[in-house]
Structures are given as structure tokens and as C-alpha cells.
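Analysis of the macromolecular model
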Amino acid sequence: MPQDAISLLKQQHKSTQETLMALTNTTERGIKIRHELLAKLRSELTQHMLLEEEIFYPAFKAAVERKKDKRLYYEAHEEHKAAKAVLKDLARADASSVAFGAKAKVLKELIEHHVEEEENEMFPRAREAFTKQELVELAERMQARKQAIENGRAWDRVASSSHPAE
Ligand SMILES: [Fe+2]
Ligand SMILES: [Fe+2]
């Protein structure tokens, strides 16, 4: 069976969390490594959130019936918004400062919480709401979108942050 959307997203969670862990283990003396890890994190996290917002979340919202499940969609969007704000703040911070480490730690905690909600609540519901084939198709759409981003196309859409559809 080819990869499904949930395993694809979980793989990205793992990688992003590893980068965040490495970043929070740096010190004010490790300016170069902080810059490198921050660049890696920005690309991983931005791309992951974009794929969820453009493809996975709307499909999830359309597939679930219960109000409780639709709420997971809106919560996830709010958490992305919060994560983006901290990420932006972190990117502007002086890598030789103690504040940089504090911002990285807050972002790590935010992402940990968000990933936990997705993996423990949203993804199990998605497994029920979608067929295996639909999950594979969603993965294919996300892979194609990822490829398009990496090929340097569609940056216009990347730049405009998406909002939850009412
Ligand atoms: Fe997310
Ligand atoms: Fe996620």
C-alpha cells in the first residue's frame, strides 16, 4: 500500500520536532547552528502547515459530521496561527540572545501540544471518516503540492496565509 496522508503528516511531525529539539538544545554561543536550525525549521514547519491548511484540514472538515469534530478543524487553525506568530518572532530575534532560546522553547511546547491533538484526536477521527484509498489520494495531493513548492512554483500562494473557510 502506498503512503497515506496520516503517515506522511506524522513523518513531518517527527522531523519538525527533532529540529525543534535540536534548536532548544543550542546556546547563545551557537549562533551559526541556531541560524542553520532556524532555517531548517522555517522551511519544514511552513511547508507542513501549508499542506495541512490547503489540503488535509479542508478535506477533514468536509468529511466529518459532528460539531465536536469540526471544532478540531478550527482549533488546529488557531494553533497554526499562534505557531506562525512565535515563529516569526523567533526569526527576528537575535540568535546570540537568551530571549532567542526562550522563544524557541515556547514554540517547541506549542508544536508539541498541537501535534498531540492532531495525532490523538484529529487523525484517529480522519481514519474513521476517510477510506484507505482517500487517505492515499490525499497523500498524493500533498506530495504533488510539496513538489510544486520545492520547484519554486506557486510561491504566491505560499505567501498568502490561508484562513479557515466558514
Ligand atoms: Fe497542524
Ligand atoms: Fe500537523
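See the structure printed just above.
Residues numbered from 1 in each chain as written. Chains lettered and ligands numbered in written order. Predicted model: local features only at pLDDT ≥ 70, side-chain atom pairs only at ≥ 80, totals over all residues. Heavy atoms only, no water.

Notes on the coordination of the iron ion (ligand 2)
Note on the iron ion (ligand 2): its protein donors are H13 (NE2), H48 (NE2), E52 (OE) and E118 (OE). The metal-donor distances range over 2.0 to 2.2 Å. Motif for the iron ion (ligand 2), donor spacing along one chain: H-x34-H-x3-E-x65-E. In this structure, the iron ion (ligand 2) lies 3.1 Å from the iron ion (ligand 1), and both are coordinated by E52. With a gap of 39 residues between them, H13 in helix α1 (residues 5–24) and E52 in helix α2 (residues 31–63) connect regions that are remote in the sequence. A single burial state applies to H13 and to E52, both of which are buried. (Donors = N, O, S within 2.8 Å, 3.2 Å for Na, K, Ca; no water. Helix = DSSP H or I, 4+ residues; strand = E, 2+ residues; numbered from the N terminus. Buried < 20%, exposed > 50% of the residue type's maximum accessible area, 1.4 Å probe, protein only.)

Section: the packing of α2 against helix α5 (residues 132–150)
In contact at an axis separation of 10 Å, α2 and α5 are set at 145° when each is read in the N-to-C sense. Note on packing geometry: the crossing formed by α2 with α5 is right-handed. Contacts between α2 and α5 involve Q47, L50, L51, E54, I55, F56 and A59 on the former and, on the latter, L138, R141, M142, R145, K146, I149 and E150. Split by residue class, the contact of α2 with α5 holds eight nonpolar, one polar and five charged. (Axes fitted to C-alpha atoms, helices over the stretch in contact; angles between N-to-C directions. Left-handed = near helix turned anticlockwise from the far one by under 90°. Contact = heavy atoms within 4.5 Å. Nonpolar A, V, L, I, M, F, W, Y, C, P; charged D, E, K, R; others polar.)

Examining the side chain of R34
Along the chain, R34 turns up in helix α2. Given the relative accessible area of 1%, R34 is considered buried. A distance of 3.3 Å separates a polar atom in the side chain of R34 from the backbone oxygen of T27. Within polar-contact distance, the side chain of R34 engages the backbone oxygen of S97 at 3.2 Å. Aside from chain neighbours lying at most four places away, what touches R34 is L23, T26, T27, E28, A95, S97, F100 and G101. (Polar contact = N/O pair within 3.5 Å; in protein donor to acceptor, adjacent residues only side chain to side chain.)

As for the side chain of Q12
Counting through the fold element by element, Q12 comes out in helix α1. One polar contact links Q12 to H48, side chain to side chain, over a distance of 2.6 Å. When residues no more than four places from it in sequence are discounted, the contact partners of Q12 are H48, L51 and K146.

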